Amino acid sequence: MKNSVRAFAPATVANVCCGFDVLGFAVDHPGDEVVLTLNDSREVSIAQIIGDGGRLPREAGKNTAGVAVQSYLQAIGEQVGVEIELFKNLPLGSGMGSSAASGVAALVAINHLMGNRLTRKELVPFAMEAERIACGSAHADNVAPSLMGGFVLIRDYQPLDVVKIDVKLELYCTLVHPHIEVKTSDSRRVLRPIVSLRDAVTQSGNIAGLMLGLTQSDYALIARSLKDVIAEPVRSAFIPGFETVRSAAIQAGGLGCGISGSGPTLFALSSQMDIAERVAKAMQHEFANHQLKTDVVISKLNLEGAKII
Ligand code: HSE
């Protein structure tokens, strides 16, 4: 049996405007990588983390990759020793599913080493446990698409019902990451606990419209549906220039633009690569007007999810 493996898990855009905690998609790049090596210790340990500037916990029980592996091994009833090396390519607190990608890469690697005993969908709960460690909330809208690829709907949490959406149309994602950090735990704390009936109606219409737009390859319907009346009105206060950056993305031809996960990264979806590039320039320009430096990624969707490399 092979005793060492390397895995990659992609960044993700959670919420996708109208699907707070219930919808996310994976992009082709960037993503996090892990190398897992089995040993005789009967314990899970973190050997090294590269790329986090020393900020992530080195204790396996407090680290998303470590927790994911521990909870997986416990569930399948194996007590093997595992050493984890984590290569962080995703910035922390960026809204690109950084904590999710580390946990997912580790899970896909350990599942491979154990003979792929569980399906990708069956791995979702262990990745959610890792999310709980990272930000205090076991939401699945980053981990499920990072594991399964494409657009994934979390139809319900109790019991968990995860559905991959069959998307055939071309979509390009622009991610613009302003150089500020927003912790998911902080940006969840500011959310209003009660939603008005009017907002619930608007949000339901938009999420249904987005699902139909994606499955029926209807760009105009997707564009009309990429709106969020629940999280964005509160969270946009964390992101200087949010309104003008979003307007610039849409004026440049983007189908829609919103906060990626809990921010501060903004995402935009476009029907063509050259539009996605124009959108990126327009968004960067507007952020610069607000004295914010940015990093940009333009990526196709990732349809397969995390993989062994
Ligand atoms: N749905 C989660 C949130 C995603 O918006 O808090 C966090 O990346």
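### With respect to the pairing of strand β5 (residues 151–157)
With 3 bridges joining them, strand β2 (residues 23–39) and β5 adopt antiparallel strand pairing. Across the sheet, residue Leu-23 finds its bridge partner in β5, namely Leu-153. In the sheet, β5 pairs with strand β6 (residues 160–164) via 5 bridges, with the strands oriented antiparallel. Directly across from Leu-153, in β6, lies its bridge partner Val-163. A loop of 2 residues connects β5 with β6, the two strands running antiparallel in sequence.

### Observations concerning unusual backbone geometry
Most peptide bonds take the trans form, and the phi angle of most residues other than glycine is negative. Omega for the peptide link from Gln-158 to Pro-159 comes to -5 degrees, which places this bond in the cis form. Mapped onto the secondary structure, Pro-159 falls in the loop between β5 and β6. The omega torsion of the bond from Gly-263 to Pro-264 falls at 5 degrees, within 30 degrees of zero and hence cis. Mapped onto the elements, Pro-264 comes out in the loop between β8 (256–259) and β9 (266–270). Positive phi values are uncommon outside glycine, yet Val-16 reaches one of about 50 degrees. Note that Val-16 resides in the loop between β1 (4–14) and β2. Of note in the backbone geometry, Gln-291 takes a positive phi value of approximately 60 degrees without being a glycine. Assessed through its relative accessible area of 69%, Gln-291 is described here as exposed.

### Side note on the domain arrangement of the protein chain
Partitioning the protein chain into structural domains gives domain 1 (4–165) and domain 2 (172–300). The centre of domain 1, based on its C-alpha atoms, is set 24 Å off from the matching centre of domain 2. Taken together, the contact pairs 30 residues of domain 1 with 38 residues of domain 2. Both sides of the domain 1 and domain 2 interface together cover about 2,500 Å² of buried area, and 68% of this is carbon and sulfur. Summed over the three residues of domain 1 that lose the most area to domain 2, namely Cys-17, Cys-18 and Phe-20, the buried surface amounts to 27% of that side. The interface formed by domain 1 and domain 2 contains 2 salt bridges. Asp-21 is the partner of Arg-188 in a salt bridge, and the nearest nitrogen-oxygen pair spans 2.7 Å.

### Remarks on the sheet that holds β8
Across the sheet, 4 strands lie side by side as β8-β9-β7-β10; this open sheet has antiparallel pairing. Across the chains shown, the open sheet's two edge strands, defined by having one partner strand only, are β8 and β10 (294–300). Across the sheet, the axes of successive neighbouring strands diverge by a mean angle of 20 degrees, strand direction being ignored. The strands touched by helix α9 (residues 242–251) within the sheet are β8 and β9, with β8 carrying the most contacts at an inclination of about 155 degrees. Across the sheet, helix α10 (residues 273–289) lies against β7 (172–178), β8, β9 and β10, angled at about 15 degrees from β7, the strand it touches most.

### A short note on the nonpolar core
One finds Phe-25, Leu-36, Ile-110 and Phe-151 to be the most contacted residues of the largest nonpolar core, which totals 75 residues. It is helix α2 (residues 98–113) that contributes the most residues to this core, 10 residues altogether. Among the domains, domain 1 (4–165) and domain 2 (172–300) are the pair contributing at least three residues each to this core. Each residue touching Phe-151, except ones within four places of it in the same chain, is listed here: Val-16, Leu-23, Gly-24, Phe-25, Val-163, Lys-164, Ile-165, Val-167, Leu-171, Leu-214, Leu-269 and Leu-301. Residues Ile-239, Ala-252, Ala-282 and Leu-292 belong to the second largest nonpolar core, which totals 17 residues.

What counts as what
Residues numbered from 1 in each chain as written. Predicted model: local features only at pLDDT ≥ 70, side-chain atom pairs only at ≥ 80, totals over all residues. Heavy atoms only, no water. Pairing = 2+ DSSP bridges. Helix = DSSP H or I, 4+ residues; strand = E, 2+ residues; numbered from the N terminus. Buried < 20%, exposed > 50% of the residue type's maximum accessible area, 1.4 Å probe, protein only. Domains from an automatic or database assignment. Contact = heavy atoms within 4.5 Å. Buried area = accessible area lost by both parts, 1.4 Å probe. Salt bridge = Lys/Arg side-chain N within 4 Å of Asp/Glu carboxyl O. Axes fitted to C-alpha atoms, helices over the stretch in contact; angles between N-to-C directions. Core = buried A, V, L, I, M, F, W, Y, C linked by side-chain atoms within 4.5 Å.

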